[in-house]
Amino acid sequence: MTGEYSLRGEGLRQVLAEAELPPLLAALAHLTDDLSILEPGLRPHDVSQVIGVAPQGGLGPAEQDRARQLAGDVITRWADAGCPPPARPAPDRMLEIMRFLAGPVDAGQLPLLYHQLGIREEVEDDPRLDVPDGFLVVVIGAGMSGLAAAYHLRRAGVPFVVFERNDDVGGVWLENTYPGVRLDTSNFCYSYSYAQGEGWEDYYSPGPAVARYLTDVSRDFGLREAIRFGTRVESLTFDESDSTWLVEAAGRDGAITRLRANAVISAVGQLNNPRYPDIPGLDAFGGRSWHTARWNHEVPLAGERVAVVGTGASAFQVIGQIAPEVESLTIFQRTPPWVMPTPTYTRKLKPGLRWLFRALPLYQQWYRFNQFWINVEGRRRFALVDPGWHQPGSVSADSQELRKALEERLGETYAGRPDLLAKMTPDYPPYAKRMLRDDGSWASALKQDNVEVVTDEVAEAYEGGLRTAGGAEYPADVIIFGTGFTASDFLHGIRVRGRDGADLHERWGEDPRALGGITVPGFPNLFLLYGPNTNLVVNGSIVFFSEAEVEFVLSCLRHLFEHRLSALEPTEEALREFYDRVDAASARMAFGVEGVSSWYKSASGRVTQNWPLSTLEFWEGTRAPDRARYRMW
């Protein structure tokens with residue numbers, strides 16, 4: 001790849017033909033501090049279409065030619081000058097570059113945007129904290145959030161230990177090894193701001209690539225030495241006499257580890273414990289069965305009769321992979337997913353683009369920034385509820401426009417198959433449930449002669465198959481459960497007792513709540529990452545949220561250290577006020593409408609998973625603890 005491209009002449013013209021131009025122009029303006037390249041006529045003007053993202057920011061052919069000409073001239077001059085290191089534009093000039101790429105940006109958003117570029121707005125102060133002797137933090141989990149916590153604690157000089165129940169890092173990306181497992185967000189958004197993943201090969205990376213990325217992060221930043229693998233935390237008990245947590249963890253050999261921690265960070269996530277359906281008679285089935293998150297690689301599926309229960313994200317990915325090899329595939333679907341057509345979903349990044357990421361400083365950072373910004377608020381309008389809108393199946397005029405466009409694509413996809421069209425057309429609003437991505441593999445699998453979609457409810461299992469409520473029997477050798485996770489059962493399997501012996505799970509019941517999704521009244525110095533109401537649907541990046549949450553934890557610790565305090569916890573009043581806002585905002589989002597069940601909601605029907613407010617509001621709320629909302633001692 002390296003031999004066919006260069007920063008000059010024909011080689012440069014070849015690479016520019018495969019470049020993503022709007023972020024390239026922004027990167028070059030930053031690299032050289034020459035903003036003349038940001039011509040108004042080349043500003044992206046059609047970032048978020050009804051379906052998908054406009055290629056090249058909506059620039060037409062003539063505009064793209066002009067952008068390539070300008071970019072080529074700047075790159076050639078930069079190369080002829082010896083490839084000098086990047087300039088450091090003043091904040092007002094950085095804001096101008098960001099506005100070129102992202103549109104209206106308030107100066108108050110600059111810190112957030114610098115963060116996503118992975119650079120500092122100004123020379124950074126020493127990040128190390130003045131840590132009291134003997135202070136220790138326990139982190140539970142070494143998945144994406146746990147590694148972010150470990151990185152920031154290490155950087156701040158705070159002693160910590162990570163307990164991980166598995167034998168390696170990665171969390172869901174270690175545990176989910178089913179055929180077809182893949183990101184459904186851009187891998188550039190699913191990467192840390194401080195480790196942006198130079199080795200990405202795909203637009204949406206397969207699971208093994210994400211797992212390798214997290215493994216590389218744990219190794220490159222020296223985090224593995226602080227992780228105790230194969231160790232499951234079983235209980236947390238707060239000791240009021242000295243404001244510490246007694247942590248009990250069990251190794252694979254049954255040996256119990258007990259230690260005291262001054263703070264605990266839970267990074268166990270939301271999607272880590274599989275949910276199995278309650279199917280009577282399953283013991284009599286006689287065949288093999290497993291959940292997608294616990295894939296049995298020892299059982300070959302070629303030539304087998306396979307039943308898949310569920311059509312959520314994991315089952316969706318599995319079905320397209322196994323349909324060609326099995327003898328028969330019966331899919332039991334409760335509700336169909338809305339599908340966002342994504343032609344690049346399984347494609348590799350263009351070679352010239354990848355080469356330019358390596359050859360041109362800052363380009364990958366600005367490309368990642370652009371991906372982040374498109375996903376920050378770019379599609380939020382399609383999920384916002386218009387209180388005056390009363391058309392079934394949508395929540396606003398924008399929502400109806402999206403629904404109509406998606407229905408038209410469904411009509412094209414299933415032309416000649418009215419049976420599948422009827423089964424694959426949802427009756428709920430787009431974004432009320434998780435929307436899935438497809439490049440055509442899903443529909444192709446469903447159209448195969450050996451595949452049948454059953455919408456009648458599974459009533460029971462019998463020896464050799466599944467029987468529906470209507471009495472129909474479907475023979476199967478293997479049953480695969482794509483039935484999701486116990487998402488609202490936070491800290492599942494861990495006994496947590498706070499002040500006055502309060503049991504966290506009893507306190508929560510069916511409605512887990514945490515201030516900012518991070519802290520809980522009565523449980524001092526317990527911090528949750530990817531906690532209640534921090535999942536994302538149409539705005540932001542889950543990695544960005546986790547980084548912001550970890551930075552909030554560090555700001556809490558800094559405050560305790562500087563003021564010689566031992567602990568903090570939010571007040572009940574602050575929690576009530578927070579959820580007055582969150583619940584009201586959830587009711588204004590498609591995923592909060594009544595009559596639609598999903599894993600976004602607890603058994604009570606309240607949205608307990610998703611963040612319904614803006615990304616900027618989350619960022620601002622995680623900069624430092626508001627003393628008025630916390631008890632500290």
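Structure: above.
Residues numbered from 1 in each chain as written. Predicted model: local features only at pLDDT ≥ 70, side-chain atom pairs only at ≥ 80, totals over all residues. Heavy atoms only, no water.

Draft legend 1. Main features of the overall build of the protein chain. Check the secondary structure of the protein chain and you find 18 helices and 21 strands. What you see for the protein chain is a C-alpha radius of gyration of 25 Å, in line with the 26 Å of a compact globule of 633 residues. For the C-alpha atoms alone, the extent of the protein chain along its principal axes is close to 75 × 70 × 55 Å. Across the 633 residues of the protein chain, 57% fall into the buried class. (Helix = DSSP H or I, 4+ residues; strand = E, 2+ residues; numbered from the N terminus. Rg over C-alpha atoms; globule rule 2.2 N^0.38 Å. Buried < 20%, exposed > 50% of the residue type's maximum accessible area, 1.4 Å probe, protein only.)

Draft legend 2. Quick look at the pairing of strand 1 (residues 137-140). Alternating residues of strand 1 divide into Val 137 and Val 139 and Val 138 and Ile 140, and every residue in both groups is buried. Both strand 1 and strand 2 (residues 160-163) contribute to a ladder of four bridges, which runs parallel. Residue pairing for strand 2: Val 139 is matched across the bridge by Val 162. In the sheet, strand 1 pairs with strand 7 (residues 263-266) via four bridges, with the strands oriented parallel. Looking at strand 7, one finds that Val 139 is bridged to Ile 265. (Pairing = 2+ DSSP bridges.)

Draft legend 3. Fine view of the packing of helix 6 (residues 144-156) against helix 16 (residues 542-562). Two elements in contact, helix 6 and helix 16, have axes separated by 9 Å at closest approach and are oriented at 40 degrees. One element, helix 6, and the other, helix 16, form an angle in the oblique class. By crossing handedness, the relation of helix 6 to helix 16 is classed as right-handed. When helix 6 is examined against helix 16, the residues Met 144, Ser 145, Ala 148, Ala 149, His 152, Leu 153 and Ala 156 are found in contact with a partner set consisting of Ile 542, Val 543, Ser 546, Val 550, Glu 551, Leu 554 and Leu 557. For the contact of helix 6 with helix 16, a count of residues per class yields ten nonpolar, three polar and one charged. (Axes fitted to C-alpha atoms, helices over the stretch in contact; angles between N-to-C directions. Parallel < 35°, antiparallel > 145°, perpendicular 65-115°, else oblique. Left-handed = near helix turned anticlockwise from the far one by under 90°. Contact = heavy atoms within 4.5 Å. Nonpolar A, V, L, I, M, F, W, Y, C, P; charged D, E, K, R; others polar.)

Draft legend 4. Structural context of the sheet that holds strand 4 (residues 231-239). The mixed open sheet is built from four strands, whose spatial order is 6-5-4-18. For this open sheet the edge positions go to strand 6 (256-261) and strand 18 (495-497), each flanked by a neighbour on one side alone. Neighbour-to-neighbour, the strand axes of the sheet open up by a mean angle of 20 degrees, direction not taken into account. Summarising the sheet, strand 4 and strand 5 (residues 244-251) pair through eight bridges and their orientation is antiparallel. Among the inter-strand pairings, Thr 237 is bridged to a residue of strand 5, identified as Leu 246.

Draft legend 5. Geometry of the side chain of Gln 109. Within the secondary structure, Gln 109 is located in the loop between helix 4 (91-102) and helix 5 (110-117). Looking at Gln 109, the relative accessible area reads 14%, which means it is buried. Look past the residues within four positions of Gln 109 in its chain and what remains in contact with it is Trp 373 and Leu 616.

Draft legend 6. Seen up close, the side chain of Ser 314. Along the polypeptide, Ser 314 turns up in helix 9 (residues 313-322). The class of Ser 314 is buried, set by a relative accessible area of 15%. There is a polar contact of 3.5 Å between the side chain of Ser 314 and the side chain of Tyr 178. (Polar contact = N/O pair within 3.5 Å; in protein donor to acceptor, adjacent residues only side chain to side chain.)

Draft legend 7. Quick look at the sheet that holds strand 16 (residues 473-475). One open sheet holds the three strands; their spatial order is 14-15-16, and the pairing between them is antiparallel. The open sheet is flanked by strand 14 (458-462) and strand 16, the only strands paired with a single partner. Neighbour-to-neighbour, the strand axes of this sheet turn through a mean angle of 25 degrees, independent of strand direction. By the bridge criterion, three bridges tie strand 15 (residues 465-468) to strand 16 in an arrangement that is antiparallel. Bridging across to strand 16, Arg 467 finds its partner in Glu 473.

Draft legend 8. Quick peek at helix 1 (residues 9-16). Taken as a whole, helix 1 has its buried residues at Gly 11, Leu 12, Val 15 and Leu 16. Along the axis of helix 1, the buried positions cluster into a sector of 135 degrees, meaning they face one direction only. Contacts made by the buried residues of helix 1 are with helix 2 (21-32), helix 3 (61-80) and helix 10 (351-359). (Arc of directions from axis to C-beta.)

Draft legend 9. Seen up close, the pairing of strand 9 (residues 305-309). Of all five residues that make up strand 9, four are buried, and the element is covered over most of its length. In this structure, strand 9 lies alongside strand 10 (residues 328-332), joined through five bridges in parallel fashion. Across the sheet, Val 309 pairs through a bridge with Phe 332, a residue of strand 10. A crossover connection joins strand 9 to the parallel strand 10 through helix 9; in handedness this β-α-β unit is right-handed. As paired elements, strand 9 and strand 17 (residues 478-481) share four bridges and run parallel to each other. Along strand 17, the bridge assignment pairs Val 309 with Phe 481. (Right-handed = clockwise from strand over helix to strand, strands pointing away.)

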